[in-house]
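# Geometric and topological summary
Here is how the chains run, residue by residue.
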Amino acid sequence: MTKPELLVTPQSLSHIKALIEAGADAFLIGEQQFGLRLAGEFTIEEVREATAIIHNAGKKVYVAMNAIFHNDRVDALAPYMKALSEIGVDGIVFGDPSVIIARREADVNIPLHWNPETIATNWFQANYWGKRGATRAVLARELSMDEIVEIKENAEIEIEVQVHGMTCMFQSKRPLLGHYFLYEGKAMEVENRKNNRNMFLHDPERNSKYPIYEDLNGTHIFSPNDMCIIDELDELFEAEIDVFKIEGVLHTEEYVVAVTECYRKAIDAYTESPDAYFDIKEELLAKIEEIQPELRPLDTGFFFKETVY
Amino acid sequence: MTLLKDDTISEIRDGKRVIVKKPELLAPAGNLEKLKIAVHYGADAVFIGGQEFGLRSNAGNFSIDEMREGVEFANKYGARIYVTTNIFAHNDNMDGLDEYLKALEGAGVAGIIVADPLIIETCKIVAPKLEIHLSTQQSLSNWKAVQYWKEEGLERVVLARETSAEEIKLMKEKVDIEIESFVHGAMCIAYSGRCVLSNHMTARDSNRGGCCQSCRWDYDLYAVEDGEEKPLFEEGNEAFAMSPKDLKLIESIPKIIDLGIDSLKVEGRMKSIHYIATVVSVYRKVIDAYCADPDNFKIKLEWLEELDKCANRETASSFFEGQPGYEQQMFGEHGKQTKFDFVGMVLDYNEETQMVTLQQRNYFKPGDEVEFFGPEIENFKVVIDEVWDEDGQALDAARHPLQIVRFKCAEKLYPMNMMRKEMR
Ligand code: SF4
């Protein structure tokens, strides 16, 4: 079988080097002007440096352009894409169709990865965007294992699935933290806490803690748990899912490196033989549990959870 | 902002400028009765939910037969019916879509409001007579994305609630497509389609109609510093909340019309007929008055007061005038009581005997002061004298829901006029 690509979200150039060592195959980078909820910020110059390092190691680099754009940013899309094309990045991640129009204007040929997060819920949509230039669809994290497998069976383009980390459950254009501080008459806090990524909302009813932060794209609220399916990957292997993603936002560089090593081992073991994977998967899970921050319980996301409506 | 005064929107007629491009007033309806009220009170179009493929699974939904009846009723007024089919489908929601869209077309529905390309593409093939309107669930926020959907052959796009007048202006200039924009009602604080709070907190899928409004709950804000959890609130502070005030753009109607926006949407398929009648009739009056004489238009205080009679939350202009501030959110409160109760709907009026036949909708009794309103009449107040039941028995109060009662009223009334009472 072909090995799934192991995609990670680095925070810095040195982190990229550590992640190459750890066995990552591909890297998602960018800046908040164009991309959503990135683990680190990479200016176009840093993208150039990162690409050199990553290509030198024979790995792939993708750049996030998946923000929900308003008029004020759309004119910048085509020039940015031209620059990325000239640097030679391997793909652009998008959610908003303005990127398709801008790509035509820029007249570049970079492959597109369709990632609108919550709304990528069926294979028809994947193929629809495939016909419009996408070579890959990144599935919503709210899907079950069965739904993912069925999408893969019917998809004409690559399918990427997040296997580990936090997921975003809410994006508002309003600066909700700043507004709260202003309402309470704490104007000082607005400035103090800008760009802070250490806050969370406590939901007393469920005793859950939801990380929250603000940036250029508004306010983002995250899942109370980190999904981790290192011991449940067999169905994804069998379905030949093309890409496994480790989302590293709001985690330390060391944590992401350690998790990447574990998934690397899992993928290599399974390619050797399914049994080799079954032999080590509990051990890998134990390793992740060991380094898991206390505030972030692990769960299996929506892979095995029924949602109703 | 300079308004488009010499655009195709207005014309000089008999020496006076009038608006010739009158936008559509689009109202919600959760059932057939609400649909009829919306149309009768002046909506140009009504959006409803069917039994499949729509959000708001609990908003009251129409069977195909009810849709057909709704369309026939609306046709008499020259009004159009749209059906929301705005879920993002999962694999197992894909069955039955062809038949459903064909049935909508067969029922005479004018268009569908849709977000998932699966439904868009299927509709083009199996039900080509239906107009396709892109739902706000796609969070459409810039003119290039609008251009994309235009190239895909859509008739109309509903913009993200996060777009401002400035932004809409540019979209209108750049792309020739109908634009529908929200003017009134409750809103998501998140970008539509990008909120799965309910999925996580209650295992209900918000993008298939299961949202349980988790954004309206209270939370406590903490920071983690040196491994310690530190509360960012003190005694006496309100909890962290995200509730937005409801949208109300009644005073911006002239600007909206000058922008050339094609359809003005009122939100709220779960709202009562009293709410729909009140909101629709006030927006109707404002749109008509502005279009008839834009240069001398002034909003009347009584219109604003009228609109307030059905409000159950504070209101704000949201993103229309630019990024909303903290004062456009609610902290420590979760809405207020409406000031008026809807107490009855007129079924008949006999001019000779001045006898009103009315269906009771809420408790009232002789001696109560009530207000009548409706599209044919100017609002007026009366004190109710004697009240009788259908058999002519005098009543000390009208206490039974839907009971048919009679009483006298000197001013003329029409069927479907409504009677409301101020709460004390
Ligand atoms: S929880 Fe609130 S913001 Fe989220 S979908 Fe529901 S109403 Fe909208």
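Residues numbered from 1 in each chain as written. Chains lettered and ligands numbered in written order. Predicted model: local features only at pLDDT ≥ 70, side-chain atom pairs only at ≥ 80, totals over all residues. Heavy atoms only, no water.

Let us look at the packing of aromatic side chains. What the rule picks out here adds up to 29 aromatic pairs over all chains. Aromatic pair Phe34(A) and Tyr80(A): ring centres 3.8 Å apart, planes at 10°, arrangement stacked. Here Tyr80(A) lies in helix H4 (residues 77-87) and Phe34(A) lies in the loop between strand S2 (26-29) and helix H2 (44-56), a separation of 46 residues in the sequence. A relative accessible area of 6% means that Phe34(A) is categorised as buried. The exposure class of Tyr80(A) is buried, given its relative accessible area of 6%. Ring plane angle 75° and centroid distance 6.2 Å describe the contact between Phe364(B) and Phe407(B), whose orientation is recorded as edge-to-face. Taken together, the residues span a long stretch of sequence, with Phe364(B) in the loop between strand S16 (355-360) and strand S17 (369-374) and Phe407(B) in strand S21 (residues 404-408) at a distance of 43 residues. (Phe/Tyr/Trp six-rings, centres within 6.5 Å; stacked < 30°, edge-to-face > 60°. Helix = DSSP H or I, 4+ residues; strand = E, 2+ residues; numbered from the N terminus. Buried < 20%, exposed > 50% of the residue type's maximum accessible area, 1.4 Å probe, protein only.)

A few words on the domain arrangement of chain B. Residue and element names in this part refer to chain B. Partitioning chain B into structural domains gives domain 1 (4-192 + 244-330), domain 2 (197-231) and domain 3 (340-422). Domain 1 and domain 2 are separated by 30 Å when their C-alpha centres are compared. Opposite the 17 residues of domain 1 that make contact, domain 2 presents seven residues. For the pairing of domain 1 and domain 2, the buried interface totals around 850 Å² over both sides, and the portion due to carbon and sulfur atoms is 41%. Summed over the shared surface of domain 1 and domain 2, the result is zero salt bridges. Across the contact surface, domain 1 and domain 2 share six residue pairs in polar contact (both at pLDDT 80 or more). Of the residues contributing to the side of domain 1 that touches domain 2, the split by class is eight nonpolar, five polar and four charged. (Domains from an automatic or database assignment. Contact = heavy atoms within 4.5 Å. Buried area = accessible area lost by both parts, 1.4 Å probe. Salt bridge = Lys/Arg side-chain N within 4 Å of Asp/Glu carboxyl O. Polar contact = N/O pair within 3.5 Å; in protein donor to acceptor, adjacent residues only side chain to side chain. Nonpolar A, V, L, I, M, F, W, Y, C, P; charged D, E, K, R; others polar.)

Moving on: the domain arrangement of chain A. Residue and element names in this part refer to chain A. Structurally, chain A comprises domain 1 (5-166 + 225-299) and domain 2 (172-219). On the side of domain 2, eight residues touch domain 1, which itself brings 15 residues to the contact. Both sides of the domain 1 and domain 2 interface together cover about 980 Å² of buried area, and 53% of this is carbon and sulfur. It is Gln32, Leu250 and Leu295 in domain 1 that bury the most area against domain 2; as a group they hold 48% of the surface buried on that side.

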